[in-house]
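Residue-level listing of the chains:
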Amino acid sequence: MVIEQAMGVARSHGYGAEVHLSDFVEGVKANGFIAEALGKHAVAGVTVAPARTS
């Protein structure tokens, strides 16, 4: 199953906001929050997207 999700930040907030959002998303993937939420809500047949590669 593919669950297409997106998060964004307005360019007017600057590069720092983009970095912060990206770091946040990578962090919740890495610390297991996303996998835990999928399990808590009985979402079966999906996996967390792999970490970014740079």
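This text follows the structure it describes.
Computed from a prediction, not measured in an experiment: that's the story for all the values here.

Visitor: So, the overall build of the protein chain: which residues are in play, and what are the values?
Guide: Scanning the protein chain from terminus to terminus reveals two helices and zero strands. For 54 residues, the compact-globule estimate of 2.2 N^0.38 gives 10 Å, and the protein chain exceeds it by more than 25% at 13 Å. Along the three orthogonal principal directions, the C-alpha set of the protein chain runs to about 35 × 20 × 20 Å. Every one of the 54 residues in the protein chain was classed for burial, and the buried ones make up 11%. Carbon and sulfur atoms make up 59% of the accessible area of the protein chain, which amounts to about 4,600 Å² in all. If the 4 positive side-chain charges of the protein chain are averaged to one point and the 5 negative ones to another, these points end up 2 Å apart.

Visitor: Tell me about the pattern of salt bridges, and name the residues and values.
Guide: For the structure shown, the criterion picks out two salt bridges. Arg52 is the salt-bridge partner of Asp23, the closest N and O atoms lying 2.8 Å from each other. Residue Asp23 is located in helix 1 (residues 15-30), and its partner Arg52 is located in the segment after helix 2 (33-40); the two are separated by 29 residues in the primary sequence. Residues Lys29 and Glu26 are paired through a salt bridge, measuring 3.1 Å at the closest nitrogen-oxygen approach. Taken together, the residues span about one helical turn, with Lys29 and Glu26 both in helix 1 at a distance of three residues. Judged by its relative accessible area of 17%, Glu26 falls in the buried class.

Visitor: Lay out the environment of Asp23 in plain terms, naming residues and giving numbers.
Guide: You can call Asp23 partly exposed: its relative accessible area is 40%. In terms of polar contacts, Asp23 uses its side chain to reach the side chain of Arg52, at 2.8 Å.

What counts and how
- Residues numbered from 1 in each chain as written.
- Predicted model: local features only at pLDDT ≥ 70, side-chain atom pairs only at ≥ 80, totals over all residues.
- Heavy atoms only, no water.
- Helix = DSSP H or I, 4+ residues; strand = E, 2+ residues; numbered from the N terminus.
- Rg over C-alpha atoms; globule rule 2.2 N^0.38 Å.
- Buried < 20%, exposed > 50% of the residue type's maximum accessible area, 1.4 Å probe, protein only.
- Areas by Shrake-Rupley, 256 points an atom, 1.4 Å probe, with all protein chains shown as cover.
- Lys, Arg positive; Asp, Glu negative; His and termini not counted.
- Charge placed at Lys NZ, Arg CZ, Asp CG, Glu CD.
- Salt bridge = Lys/Arg side-chain N within 4 Å of Asp/Glu carboxyl O.
- Polar contact = N/O pair within 3.5 Å; in protein donor to acceptor, adjacent residues only side chain to side chain.

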